[in-house]
Amino acid sequence: MSKRIPIRLNKEPLLEAVWEIRFASDSSAPVGEMLPGILYQALTADHPVKVVRLPSADIPRPIAQHDEGLRYLPTVRLEGPEGDPFIIQVGERVVTLNCRRPYAGWAAFSEQVRRLAQLLQTTGLIHRPERFSLKYIDLIELDPQPSLASLEASLAVAGHDLANKPVQLRTEIHQPPFIHILQVASPVDVMIAGKEPHQGTLVDIDTIHAAGGEFWETLEERLVLAHDQSKQLFFDLLTEEAIERLEPVYE
């Protein structure tokens, strides 16, 4: 049975939320070089923007586009002023909107996604959207590590219980029209805002929707549904005790 979903958690475990679109283009010009300039011009109307060239930009374009592992790497990052949680990353066949900790909330994040999607559509450079995805990365810091105690999960191999052993797990959950790629890792050390490392169980849920007809027209509806399914999966994965310890707030 699906668990009741809080409107927020006072002890927010979210590290980062990412919306991504992958695409192909019929343009003969390198889209990864054109898009950042267009986005920069649009974004600077609201606030200063810093352009950062990423290490993947040094990979020769023909090599990157023929290697599945390199094809969707962003090459440029656009950052707002200090304290702005949102960044945009652009590559030859990918654009992402990242919301870093502290999470701005779904209303603010989804509004930024809609604005970016509208802007991308109007550029005319994205001719064949392939998919969009919505990823949430959480760090559960409720138990001494390694531990799966906060998760509705049981794992054993050859008779050995792995509940308190180092674990890296990846699986796919099909829930049409989405595929949820779920990754769990324990223990994980994470540096947050340059402070002391935090250790916990990492829960990464990547909700993917393959492009079909009328991609742009149905994007907002699919985006909301992807968020709802991803959020339900996350809370279904947590034990009732873990949810209570994260101090949920209900309507």
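Throughout what follows, the structure given in this document is the object of discussion.

Reading the values: the criteria
Residues numbered from 1 in each chain as written. Predicted model: local features only at pLDDT ≥ 70, side-chain atom pairs only at ≥ 80, totals over all residues. Heavy atoms only, no water. Helix = DSSP H or I, 4+ residues; strand = E, 2+ residues; numbered from the N terminus. Rg over C-alpha atoms; globule rule 2.2 N^0.38 Å. Buried < 20%, exposed > 50% of the residue type's maximum accessible area, 1.4 Å probe, protein only. Contact = heavy atoms within 4.5 Å. Areas by Shrake-Rupley, 256 points an atom, 1.4 Å probe, with all protein chains shown as cover. Lys, Arg positive; Asp, Glu negative; His and termini not counted. Charge placed at Lys NZ, Arg CZ, Asp CG, Glu CD. Pairing = 2+ DSSP bridges. Phe/Tyr/Trp six-rings, centres within 6.5 Å; stacked < 30°, edge-to-face > 60°. Lys NZ or Arg CZ within 6 Å of the ring centre and 35° of its normal. Core = buried A, V, L, I, M, F, W, Y, C linked by side-chain atoms within 4.5 Å. Axes fitted to C-alpha atoms, helices over the stretch in contact; angles between N-to-C directions.

Re the overall build of the protein chain
Okay, so step 1: When helices and strands are counted, the protein chain shows 5 helices and 13 strands.
Okay, so step 2: Against the 2.2 N^0.38 benchmark of 18 Å for 251 residues, the protein chain shows a C-alpha radius of gyration of 19 Å, consistent with a compact globule.
Okay, so step 3: Counting only C-alpha atoms and orienting by the principal axes, one finds that the protein chain spans roughly 55 × 40 × 40 Å.
Okay, so step 4: Relative to its 251 residues, the protein chain shows a buried fraction of 47%.
Okay, so step 5: Contacts spanning at least 24 positions in sequence make up 69% of the contacts within the protein chain whose residues lie at least 6 apart.
Okay, so step 6: Counting every atom, the protein chain has about 13,300 Å² of accessible surface; 52% of that belongs to carbon and sulfur.
Okay, so step 7: Side chains of the protein chain carry 24 positive and 36 negative charges; the gap between the two charge centres is 2 Å.

Concerning the pairing of strand 7 (residues 128–140)
Okay, so step 1: Burial runs high along strand 7: 10 of the 13 residues are buried.
Okay, so step 2: Pairing of strand 2 (residues 14–24) with strand 7 involves 10 bridges; the strand directions are antiparallel. Along strand 7, the bridge assignment pairs Glu20 with Ser133.
Okay, so step 3: As paired elements, strand 7 and strand 12 (residues 197–210) share 10 bridges and run antiparallel to each other. Paired with Ile140 across the two strands is Thr201, which belongs to strand 12.

Comments concerning the packing of aromatic side chains
Two aromatic rings are characterised by how far apart their centres lie and by the angle between their planes.
Okay, so step 1: Counted under the stated rule, the structure contains 7 aromatic pairs.
Okay, so step 2: A ring pair is formed by Trp106 and Phe109, whose centres lie 6.2 Å apart and whose planes are at 70°; its orientation type is edge-to-face. Highlighted residues: Trp106 and Phe109, both in helix 3 (residues 106–123), separated by 3 residues, approximately one helical turn.
Okay, so step 3: Judged by relative accessible area, which is 19%, Trp106 ranks as buried.
Okay, so step 4: What makes Phe109 buried here is its relative accessible area of 0%.
Okay, so step 5: For the pair Phe215 and Trp216, a centre-to-centre distance of 5.2 Å together with 85° between the ring planes defines the contact as edge-to-face.
Okay, so step 6: For Phe215, a relative accessible area of 8% gives the class buried.
Okay, so step 7: A network of ring pairs unites the aromatic residues Phe86, Tyr103, Trp106, Phe109 and Tyr136 as a single cluster.
Okay, so step 8: Here Arg4 stacks its cationic end above the ring of Tyr250, 4.0 Å away from the centre of that ring.

A look at the nonpolar core
Okay, so step 1: Among the nonpolar cores identified, the biggest contains 35 residues, and Trp19, Ile88, Val95, Phe109 and Leu120 are the most heavily contacted of them.
Okay, so step 2: At the level of secondary structure, the elements contributing two or more residues to this core comprise strand 2, helix 1 (31–43), strand 4 (76–79), strand 5 (86–90), strand 6 (94–100), helix 3, strand 7 and helix 4 (215–237).
Okay, so step 3: Considering every element that reaches this core, the biggest residue donor is helix 3, with 6 residues.
Okay, so step 4: With sequence-adjacent residues up to four places away left out, Phe109 is seen in contact with Ala17, Val18, Trp19, Phe86, Leu97, Cys99, Tyr103, Leu134 and Tyr136.
Okay, so step 5: By size, the runner-up hydrophobic cluster in this structure holds 17 residues, among which are Leu9, Leu142, Phe234 and Phe235.

Re the side chain of Ser56
Okay, so step 1: Inspection of the secondary structure puts Ser56 in the loop between strand 3 (50–53) and helix 2 (61–66).
Okay, so step 2: A residue is classified by how much of its surface remains accessible, and Ser56, at 16% relative accessible area, is buried.
Okay, so step 3: Leaving out residues up to four positions away in the same chain, Ser56 has contacts with Leu73, Pro74 and Thr75.

Points about the sheet that holds strand 12
Okay, so step 1: With respect to topology, 9 strands assemble into an open sheet ordered 3-4-5-6-2-7-12-11-10, the strand pairing being antiparallel. Edge positions in the sheet fall to strand 3 and strand 10 (167–175), since each of these pairs with one other strand and no more. This sheet shows a mean twist of 20° between the axes of neighbouring strands, independent of strand direction.
Okay, so step 2: Relative to strand 11 (residues 178–191), strand 10 is paired through 9 bridges, and the arrangement is antiparallel. In the sheet register, Leu169 faces strand 11, and the bridge partner there is Val184.

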